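Here is what each chain is made of, one letter per residue.
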Amino acid sequence: MKSSQDLKNLLLSIDHKSYPAYKSAQGSYRFQDYILSIDHVQGDPFAAPSRVSLRISGKNAGFPPKLFDTFPKRVALQDHLLRLFGREIEQYNFKARGSGKSGLMAVSRCGQEILERSACAIDPGDGSLTLRMQIGFPASGRTIQAGELIRILFEFLPGCAQRSLFFRNIDASACQRTAELCEDQEYIRRELKKRSLCAFVANGAVLPRSSGVSEKPMKGAVPFRSPKSLEVSMELPHRGPVSGMGIPRGVTLVVGGGFHGKSTLLKALELGVYNHVAGDGREYVITDSTGVKLRAEDSRSISQTDISLFINHLPGGRDTRHFSTEDASGSTSQAANVIEAAEAGTSLFLIDEDTSATNFMIRDELMQRVVADSEEPITPFISRVRELFEQAGISSIIVAGSSGSYFHPADVVIQMKEYLPYDITARAKKEAAAYPEVAAASSPFHLPDFRRIPKPMGSLRGQERTKIKVLGKEGIQINRSVTDLRYLEQLADPEQLTALAYILNYSVRHLMDGRRTLGEIADALERKIDKEGLSALADASYLPADLSRPRRQEIFACLNRCRELSFTFF
Ligand code: ADP
Ligand code: MG
């Protein structure tokens, strides 16, 4: 392997040459404490910055195995180191000068959720650490400023790495706390299963965020406090005793006046599928990690989905057991979302009236009398919610402030009042007894047997060079095929969308052979990522990027929304 001195010499030799000469620096170089790899060099100073990675041997990095001996702990440690490193390089960002992105130093920005990211990966076998970052190679105009890049690679970077990526130099107790928080969170996840709960919200948790555009906790918020009847206590391995609201499996209804905190509670539960960082306020808000937010999603595309559980006898005799549309309505989209989430293996639905199609959720008694069931294609969710639990094991937590109909099928009714929950199950049930129950569904309950096989079409296929673009948190684009993901509210980070683009592209190229079902494709993808990490999805034909792992549920959701996949039944 070449030495750092070789790199320095090379850079000096291309100083003041035209920008493309930087390409010759691509390769790996041995520095004192790590191997530096220049993985990709940008085309010009205004293009996406160059990609550089550092690889530190396990022995040198020195992290004790107990900090990363389980998968969640490894993810938590990686996340912690990435945050430390990010803080270090911030002070050097654009310190080296030049045109365009010259001097940029950046690494993935971590939000409130702790996610697996390609930007920092610890090898579980030998403890070696890989950190991937972006550097804007400096130039003035298009003339290489090698001296500036030498400052970055030989002065700034070694110091930043030293201060944040080596166990001997960083705060060991902070690492320890990260691992302990993670173990406590994983303990709660296991307890949910053992105690037949679908979610836990600790007393004292801070659920609201500081504003609509900030995920930081709200200052001065009313801390969460469980109603006594729903309170459960646990003995966490590190933090010790913790109490909070345990939401039992089954059907849970959340009611209350407008602006009393219903949606805020649901939002916290939606994101409780992920672990949160210390100081977030939701560290001990833990939800069944398969939980899926269900909402209406007008105009999404649906391909060969059996929505007959909810929709039948459409005008014109359209088949709802193999339902396809390029432009779904509120109710058909929400019906497809239920079926597809079941296919993805969820055991919890999270539903907010604010984002649901009313005619999908309920039909009141008066309407039932006026418009005969035989003239109404929709069997509303309320008529299936108990069957979904009793026959398919899928619980529901439903926010509904405006209709009392769900009092009947609910096991538990929680009222939010001035941001605090009250258990009003007994009173709600008593009042509801005087009202007629919703008519049961007229057709028997069945979930389709999920054997759908996706096949790529159009611009997904047969391109020499794949163009991958991520449209913020709105969607992804592969060549000319755009997939709209803006309503997948449990995608917590744009890097998860980037990963979904890579996943879609990878599965088109390597897995969609006309025989594998969607489930088998997801299995194969997950096995590959488990074994080789997220960067295994990359391909020499397109730019490397930072990826963050989406859940299996979002992988399904993405493939199901892609307009250039056609599905057939097995
Ligand atoms: P709802 O869905 O019941 O109409 P929201 O959940 O949207 O109400 O909450 C209304 C407002 O109250 C939001 O601005 C939210 O940030 C704020 N809020 C929610 N929970 C709390 C809390 N625990 N303490 C202080 N403010 C809160
Ligand atoms: Mg609301």
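Everything that follows concerns the structure shown earlier in this document.
These lines cover the structure that appears in this document, whether it is placed above or below. Remember, it's a predicted structure, so these values are computed and weren't measured experimentally.

Details of the overall build of the protein chain
On a plain count of helices and strands, the protein chain comes out with 14 helices and 28 strands. In terms of overall dimensions, the protein chain is globule-like: its C-alpha atoms have a radius of gyration of 26 Å, near the 25 Å expected for 570 residues. Principal axes of the C-alpha set define a box for the protein chain whose edges measure 85 × 55 × 40 Å. Residues counted as buried form 56% of the 570 residues belonging to the protein chain. In the protein chain, 72% of the contacts between residues at least 6 apart in sequence involve partners at least 24 apart. Within the structure as shown, the protein chain displays about 24000 Å² of accessible surface, and the carbon and sulfur contribution to it stands at 51%. Charged side chains in the protein chain number 73 positive and 68 negative. The centres of these two groups are separated by 5 Å.

Considerations on the sheet that holds strand E26 (residues 475-478)
To summarise the sheet geometry, strands pair through backbone hydrogen bonds and adopt either a parallel or an antiparallel arrangement. Reading across from one edge, E25-E26-E27 is the order of the 3 strands in this open sheet, with antiparallel pairing throughout. Whereas interior strands pair on both sides, the edge strands pair on one side only; in this sheet they are strand E25 (468-471) and strand E27 (481-484). Between one strand and the next, the sheet's axes are offset by a mean angle of 15°, whatever the strand orientation. In this sheet, E27 lies alongside E26 in antiparallel orientation, the contact comprising 4 bridges. Among the inter-strand pairings, Ile 478 is bridged to a residue of E27, identified as Ser 481.

A look at the coordination of the magnesium ion (ligand 2)
Coordination sphere of the magnesium ion (ligand 2), protein contribution only: Ser 263 (OG) and Asp 354 (OD), at 2.1 to 2.3 Å. Of this pair, Ser 263 sits in helix H6 (residues 262-271) while Asp 354 is found in the loop between strand E20 (348-352) and helix H8 (358-361), placing the two residues 91 residues apart along the sequence. With relative accessibility at 29%, the residue Ser 263 sits in the partly exposed group. Taking relative accessible area as the criterion, Asp 354 reaches 58% and is therefore assigned exposed.

A word on the packing of aromatic side chains
For the structure shown, the criterion picks out 10 aromatic pairs. Both rings, one in Tyr 19 and one in Tyr 22, keep their centres 5.1 Å apart while their planes meet at 80°; by these two values the pair is edge-to-face. On the basis of relative accessible area, Tyr 19 is assigned to the buried category, the value being 0%. You can call Tyr 22 buried: its relative accessible area is 0%. Note on Phe 349 and Phe 381: the rings are 6.3 Å apart at their centroids and 65° apart in plane angle, and the pair reads as edge-to-face. Of the two residues, Phe 349 is situated in strand E20 and Phe 381 in the loop between helix H9 (365-370) and helix H10 (385-392); the sequence distance between them amounts to 32 residues.

Points about the state of the cysteines
Here is the idea: a disulfide is a covalent bond, and it sits between the sulfur atoms of two cysteines. What the rule picks out here adds up to 0 disulfides. Counting only cysteine sulfurs, Cys 120 is the nearest neighbor of Cys 175, a cysteine outside any disulfide, at a range of 11 Å. Left without a disulfide partner, Cys 562 is nearest to the cysteine sulfur of Cys 558, which lies 6.9 Å away.

Observations concerning the pairing of strand E12 (residues 214-217)
Note: strand E11 (residues 209-211) against E12, 2 bridges, orientation antiparallel. If you follow Arg 209 over to E12, its bridge partner there is Pro 217. Linkage of E11 to E12, two consecutive antiparallel strands, is achieved through a turn of 2 residues.

Describing the side chain of Arg 452
Checked against the element boundaries, Arg 452 lands in strand E24 (residues 452-456). Side-chain polar atoms of Arg 452 contact the backbone oxygen of Gln 304, separated by 3.1 Å. A distance of 3.1 Å separates the side chain of Arg 452 from the side chain of Asn 560, its partner in a polar contact. Filtering out sequence-adjacent residues up to four positions away, Arg 452 remains in contact with Ser 303, Gln 304, Thr 305, Glu 343, Thr 517, Leu 518, Asn 560, Phe 567, Thr 568 and Phe 569.

Notes on the packing of helix H3 (residues 71-90) against helix H4 (residues 146-165)
H4 packs onto H3 with a crossing angle of 145° between their chain directions and a minimal axis gap of 9 Å. Handedness of the crossing formed by H3 with H4: right-handed. Here Leu 81, Leu 84, Phe 85, Glu 88 and Ile 89 of H3 lie close against H4, whose contacting residues are Leu 157, Cys 160, Ala 161, Arg 163, Ser 164 and Leu 165. Residue classes in the contact of H3 with H4 are distributed as 8 nonpolar, 1 polar and 2 charged.

Describing the site of ligand 1
Lining the immediate environment of ligand 1, one finds 13 residues, of which Val 222, Phe 259, Lys 262, Ser 263 and Thr 264 sit closest. Here an oxygen atom of ligand 1 sits 2.8 Å away from a polar atom, N or O, in the side chain of Lys 262. In this structure, Tyr 419 approaches ligand 1 through a side-chain N or O atom, which is 3.4 Å from an oxygen atom. Compared with its free state, where it exposes 570 Å², ligand 1 has 79% of that area covered by protein. Split by residue class, the shell around ligand 1 holds 6 nonpolar, 6 polar and 1 charged.

Focus on the pattern of salt bridges
A side chain with one charge can pair with a side chain of the opposite charge if their charged atoms come near. Inspection of every chain in the model, using the stated rule, returns 43 salt bridges. The salt bridge involving Arg 384 is made with Glu 387; its shortest N-O contact spans 3.0 Å. Side by side, Arg 384 and Glu 387 carry an identical accessibility label, which is buried. Here Arg 386 makes a salt bridge to Glu 390, at a shortest N to O gap of 2.8 Å. Pair noted here: Arg 386 and Glu 390 are both in helix H10, with a separation of 4 residues, about one helical turn. By relative accessible area, which is 24% here, Arg 386 ends up partly exposed. Look at the salt bridges and you will find they share partners, linking Glu 116, Asp 523, Glu 526, Asp 530, Arg 549 and Arg 552 into a network.

The rules behind the values
- Residues numbered from 1 in each chain as written.
- Chains lettered and ligands numbered in written order.
- Predicted model: local features only at pLDDT ≥ 70, side-chain atom pairs only at ≥ 80, totals over all residues.
- Heavy atoms only, no water.
- Helix = DSSP H or I, 4+ residues; strand = E, 2+ residues; numbered from the N terminus.
- Rg over C-alpha atoms; globule rule 2.2 N^0.38 Å.
- Buried < 20%, exposed > 50% of the residue type's maximum accessible area, 1.4 Å probe, protein only.
- Contact = heavy atoms within 4.5 Å.
- Areas by Shrake-Rupley, 256 points an atom, 1.4 Å probe, with all protein chains shown as cover.
- Lys, Arg positive; Asp, Glu negative; His and termini not counted.
- Charge placed at Lys NZ, Arg CZ, Asp CG, Glu CD.
- Pairing = 2+ DSSP bridges.
- Axes fitted to C-alpha atoms, helices over the stretch in contact; angles between N-to-C directions.
- Donors = N, O, S within 2.8 Å, 3.2 Å for Na, K, Ca; no water.
- Phe/Tyr/Trp six-rings, centres within 6.5 Å; stacked < 30°, edge-to-face > 60°.
- Disulfide = S-S within 2.5 Å.
- Polar contact = N/O pair within 3.5 Å; in protein donor to acceptor, adjacent residues only side chain to side chain.
- Left-handed = near helix turned anticlockwise from the far one by under 90°.
- Nonpolar A, V, L, I, M, F, W, Y, C, P; charged D, E, K, R; others polar.
- Near = heavy atom within 4 Å.
- Salt bridge = Lys/Arg side-chain N within 4 Å of Asp/Glu carboxyl O.

Geometry only, nothing functional implied.
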